[in-house]
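Given next are the chains, with one letter for each unit.
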Amino acid sequence: MITPNSDQTGSLFRLATAGSVDDGKSTLVGRLLHDAQAILSDQLASVARTSAERGFDAGEAPGQSDRGELAEQPLDLALLTDGLRAEREQGITIDVAYRYFATDRRSFVLADCPGHVQYTRNTVTGTSTADAVVLLVDVRNGVVEQTRRHLAVATLLRVEHVIIAVNKIDAVDYSEEAFRAVEQDIRAVAAELGSPDPRVIPVSALHGDNVVTVSDRTPWYRAPEHLGQALLPILEELPDADTSLRSEEPLRLPVQTVIRPHQDYRGYAGQIASGFLQPGDRVRLQPGSHITEVTSVERTELQTQLAGGEGMPQLATPGESVTIQLAGEFDAARGTLITDPERPAAELDELTTRVAWLADSPLKPGARVLFKHGTATVKALVTEIHDRLDLSTLTSEAAEELQLNDIGTVEVKLASTLPVDDYSVSKRTGAALLIDPTDGNTLAAGMIRVPEPEEEPEAQSDEEWLSS
Amino acid sequence: MSSLARLEAESIHIIREVVAEFDRPAMLFSGGKDSVVMLHLAAKAFHPGPVPFPVVHIDTGHNFEEVIDFRDRTVERLGLRLVVGSVQELIDSGELQERADGTRNPLQTVPLLNTIRDNRFDAVFGGARRDEDRARAKERILSLRDEFGQWNPRSQRPELWNLYNGRHTPGQHVRAFPISNWTELDVWRYIAAEGIELPPLYYAHHRQVFRRDGMIRAVGPHSLPTEEEPVETMQVRYRTVGDMSCTGAVLSEATTNELVLQEVAAATVTERGATRADDRLSEAAMEDRKKDGYF
């Protein structure tokens, strides 16, 4: 069962919620936190006080409001996450709010993202680190443009799991027919976008149906043939970043900084993006072809302790922050990528990248930007815009420029070579930022594409040539 | 990896990024548990080298003696340079005025901004956590501040993946919050797991106290009871350690990390709700202070 602040050390699961305005997203988040007992009494008292001051009354239009009521005191659960003055005044979410709760199974970091198209860049922020996205759809409105946009963003960012919460099911009398219509539409959109087939759940954030426990009011969902499960148990069971990490992924360690306390110690510090690392491993320093050997791996005491210590205490795993020493003399510094020599990163000075354009002014060919990748930042030129995704038809079309919130594909020429991976293979070494060199603002999220190495036609031997 | 190991790895990554990308970073260090944990993470991040930046303390002049003592011992142990910004000096020089309610926490903004300006710090680490307050829940891990130190919540930069963009123009600086994603319980679990030393007032002890505004306040030179506020001796501990004039204690028998952990796990009130008068000022008290340059 749920305990408010479980003190066991479960895994950490990152979750983002998104939806269109008035889909009841903040209410759903408030409901999750409240029913998971993550809200302490002074926070509830503060919400109750503000709800009363604003004359909030969930009973006045049951199911019409996207807000929630609990116990004797009607509570506007959205107030739990809408933290800014302007948000509470306007009743909208402007920027991502991070909330924390834990069950016996795992700890959750929840990024509650805005719904307004105007604040899509904040939704991209919240989604970029998520293991799962819960996308809300109002059952009465069905799939709208923002649903497509958010699903496109989740697909583009390759969020591992997408869950569609078809909300306000109470407002259509818990009708299976209404739910199935929306479910069918969303599955069609997901298929068009090439997203993995999502889980679709009927919920009422207002009344709590299928949020923490399966509801009696949706017996058709409850039936075993529909695999009916409430939202929270699903979130507790989804594989997290650790288990999703394929053990066969090649080593990638971007060097953040070199630690040199004295002549005899030169440590390369960084967080392992993928793969494993231990003394004796042969590694390549990229860009470049220098190959050397790992002589020591310093993990933090805590990690060693929690990993059980014995056996292979110097085997570092993906996600760990480490400091390693390497054999020999060579030129390696911040920006160097330490890789598996058998499966190195591609070294490119011109590349194709998908981008989510997040700036107010449009992107045009010829734009000069800074390209931040891993621990390296290089000057770059956007030479060409290949296409932009049309959210109404879900097809890519030719484009001259990318506007705010557009998703497109562009060609970038880099001032120097970078070691990169395809984003679909490795998020950490396939992701990049486009930055405005003048004011330093982040212009776009970039997801690098690395073409599959072309199968070289096998060279015929001389004998074969002569005999054919 | 456990959630705690993952949080630790993330924080160390953030601290190293900031140190690598900025010319003159510094870390706020008050001796409070969050800043103690943050400094511990910094020491790990650069081990076996030294922590490569100075620490800054904004001294309200109303601090608990035990905390100042702890601060000085820690700075000496790690061989750090300590920069102190003083609220008292600014009150003495007339640049700041004592507030009617006697609370000095909101007065820290001016000496903080002066210290950043005078030392030309371009990045300042803070131990703020997003679970502490709903305005803090909205702030990026790297938060750009203008020349007045102000936070503009309406136009925060996108912050994507673990790629932190610290670009800024002259006059601007960045506040970096490496333990943004930790909860109060995570902090205590980490303190217990790592055996981190804290100032003694985080553990249950007997102290002369009085009650004011529903809070238990220590009797001290800057926190005096009125005639209607009887003084009692109680067994208490502190959940947060700030200015004596606005920080309350909680009744507690928890004398060890393990016992404190149990208490925190069972708590029904947030640490700020329980013990911080400065956050009760208004519904958006923290947001308003941040917009003025608070951390």
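Quantities reported herein were computed from a predicted structural model and do not represent experimental measurements. (Residues numbered from 1 in each chain as written. Chains lettered and ligands numbered in written order. Predicted model: local features only at pLDDT ≥ 70, side-chain atom pairs only at ≥ 80, totals over all residues.)

For chain B, the count of helices and strands is 9 helices and 10 strands. Compactness check: chain B gives a C-alpha radius of gyration of 19 Å against a globular reference of 19 Å for 295 residues, within 12% of the reference. In terms of its C-alpha atoms, chain B occupies a principal-axis envelope of roughly 55 × 50 × 35 Å. When the 295 residues of chain B are sorted by exposure, 55% land in the buried category. Considering only contacts in chain B between residues 6 or more positions apart, those separated by 24 or more positions represent 76%. (Helix = DSSP H or I, 4+ residues; strand = E, 2+ residues; numbered from the N terminus. Rg over C-alpha atoms; globule rule 2.2 N^0.38 Å. Buried ≥ 20, exposed ≤ 12 C-beta atoms within 10 Å, placed from the backbone. Contact = placed C-beta atoms within 7 Å.)

Bringing the interface of chain B and chain A into the picture now. Facing the 55 residues of chain B at the interface are 57 residues of chain A. Of all the secondary structure elements, the ones that give two or more residues to the side of chain B that touches chain A are α1 (3-21), α6 (184-194) and α7 (257-266) of chain B. It is α1 of chain B that provides the largest number of residues to the side of chain B that touches chain A, a total of 13 residues.

Residue and element names in this part refer to chain A. Mapped onto the secondary structure, valine 162 falls in strand β5 (residues 161-167). Distance in space between the C-alpha atoms of valine 162 and alanine 356 is 19 Å, their sequence separation being 194 residues. Residues in contact with valine 162, not counting those within four places in the same chain, are Val133, Leu135, Leu151, Ala154, Ser195, Pro196 and Pro198.

It is worth spelling out the confidence of the model for chain B at this point. Residues and elements named next belong to chain B. Residue-level pLDDT values for chain B average 88, and 94% of them are 70 or greater. Per-element confidence in chain B ranges from a low mean pLDDT of 62 for helix α8 (residues 271-275) to a high of 98 for strand β1 (residues 25-28). As a predicted assembly, this complex carries a pTM of 0.90 together with an ipTM value of 0.90. (pLDDT = per-residue confidence, 0-100.)

This part takes up the environment of threonine 383 of chain A. With respect to the secondary-structure elements, threonine 383 of chain A resides in strand β16 (residues 376-390). In this structure the C-alpha to C-alpha distance between threonine 383 of chain A and arginine 187 of chain A, which are 196 residues apart in sequence, comes to 36 Å.

Okay, the pairing of strand β3 (residues 106-112) of chain A next. All names here are of chain A. A large share of β3 lies buried, amounting to 6 of its 7 residues. With 7 bridges connecting them, strand β1 (residues 11-19) and β3 associate as parallel partners. Across the sheet, the residue bridging to leucine 12 is serine 107, located in β3. Where strand β2 (residues 97-102) and β3 come together, 6 bridges link them in antiparallel fashion. From the neighbouring strand, phenylalanine 101 faces β3, where its bridge partner is phenylalanine 108. In this antiparallel pair of consecutive strands, β2 and β3, the connection spans 3 residues. (Pairing = 2+ DSSP bridges.)

The next subject is the sheet that holds strand β6 (residues 199-202) of chain A. Residues and elements named next belong to chain A. Overall, mixed pairing links the 6 strands, which are arranged β2-β3-β1-β4-β5-β6 in an open sheet. The sheet is open, and its two borders are formed by β2 and β6, each paired with just one other strand. Ignoring strand direction, the axes of neighbouring strands in this sheet form an average angle of 25°. Both β5 and β6 contribute to a ladder of 4 bridges, which runs parallel. (Axes fitted to C-alpha atoms, helices over the stretch in contact; angles between N-to-C directions.)

Residues and elements named next belong to chain A. In terms of residue burial, helix α1 (residues 25-35) counts as a mostly covered element, since 10 of its 11 residues are buried. Considered for burial, the residues of α1 that qualify are Lys25, Ser26, Thr27, Leu28, Val29, Gly30, Arg31, Leu32, Leu33 and His34. One or two residues past the end of α1 sits glutamine 37, with phi positive at roughly 55°.

Glancing now at the UniProt feature "domain: Phosphoadenosine phosphosulphate reductase" (unreviewed entry) in chain B. Summarizing the sequence annotation, UniProt attributes the feature "domain: Phosphoadenosine phosphosulphate reductase" (unreviewed entry) to residues 25-248 of chain B in the numbering used throughout. The straight-line gap between the two end C-alpha atoms of residues 25-248 of chain B is 32 Å; of that span, 24% is helix and 19% is strand. (UniProt positions renumbered as here; feature names shortened; annotations may be inferred.)

All names here are of chain A. According to the domain assignment, chain A consists of domain 1 (11-244), domain 2 (252-339) and domain 3 (346-449). Measuring from the centre of the C-alpha atoms in domain 2 to the corresponding centre in domain 3 gives 30 Å. Tallying the contact residues gives 12 residues for domain 2 and 10 residues for domain 3. Looking at the side of domain 2 that touches domain 3, the elements that each hand over two or more residues are β7 (252-254) and β13 (337-339). Partitioned by chemical class, the residues of the side of domain 2 that touches domain 3 number 5 nonpolar, 5 polar and 2 charged. (Domains from an automatic or database assignment. Nonpolar A, V, L, I, M, F, W, Y, C, P; charged D, E, K, R; others polar.)

What follows covers the sheet that holds strand β10 (residues 282-286) of chain A. Strand pairing in a sheet relies on backbone hydrogen bonds, with the paired strands running either antiparallel or parallel. All names here are of chain A. If you walk across this open sheet you meet the 7 strands as β7-β13-β10-β11-β12-β9-β8, and the pairing is antiparallel. Looking at strand neighbours, the two that pair on one side only are β7 and β8 (257-259), the edges of this open sheet. Each strand of the sheet is rotated relative to its neighbour by a mean of 40°, with strand direction disregarded. When β7 meets β13, the two strands line up antiparallel, connected through 3 bridges. Of the residues in β13, the one forming a bridge with leucine 253 is isoleucine 338.

Take the packing of helix α2 (residues 33-45) of chain B against α6 of chain B next. Residues and elements named next belong to chain B. Where α2 contacts α6, the axes come no closer than 10 Å and their chain directions differ by 55°. Our classification of the angle between α2 and α6 gives oblique. As α2 packs across α6, the resulting crossing turns out to be left-handed. Here Lys33, Asp34, Val37 and His40 of α2 lie close against α6, whose contacting residues are Val187, Tyr190, Ile191 and Glu194. Tallied by class, residues from the contact of α2 with α6 come to 4 nonpolar, 1 polar and 3 charged. (Parallel < 35°, antiparallel > 145°, perpendicular 65-115°, else oblique. Left-handed = near helix turned anticlockwise from the far one by under 90°.)

Now for the domain arrangement of chain B. It is common to give the size of an interface as the accessible area that goes away when the parts come together. Residue and element names in this part refer to chain B. Partitioning chain B into domains gives domain 1 (3-185 + 284-291) and domain 2 (200-279). Counting residues at the interface gives 20 residues for domain 1, matched by 18 residues for domain 2. Only α3 (65-78), α6 and α9 (285-291) provide two or more residues apiece to the side of domain 1 that touches domain 2.

Below, the discussion takes up the packing of helix α5 (residues 145-156) of chain A against helix α6 (residues 176-193) of chain A. All names here are of chain A. For the pair α5 and α6, interaxial distance at closest approach is 10 Å and the crossing angle is 40°. Comparing the axis directions of α5 and α6 gives the class oblique. α5 and α6 meet at a crossing whose hand is right-handed. Along the contact surface, α5 presents Arg148, Leu151, Ala152 and Thr155, while α6 presents Val189, Ala190 and Leu193. Of the residues assigned to the contact of α5 with α6, the class counts are 5 nonpolar, 1 polar and 1 charged.

For the rest of this paragraph, the subject is the environment of phenylalanine 371 of chain A. Considering the arrangement of structural elements, one finds phenylalanine 371 of chain A in strand β15 (residues 368-373). A tally of 25 C-beta atoms within 10 Å means that phenylalanine 371 of chain A is categorised as buried.

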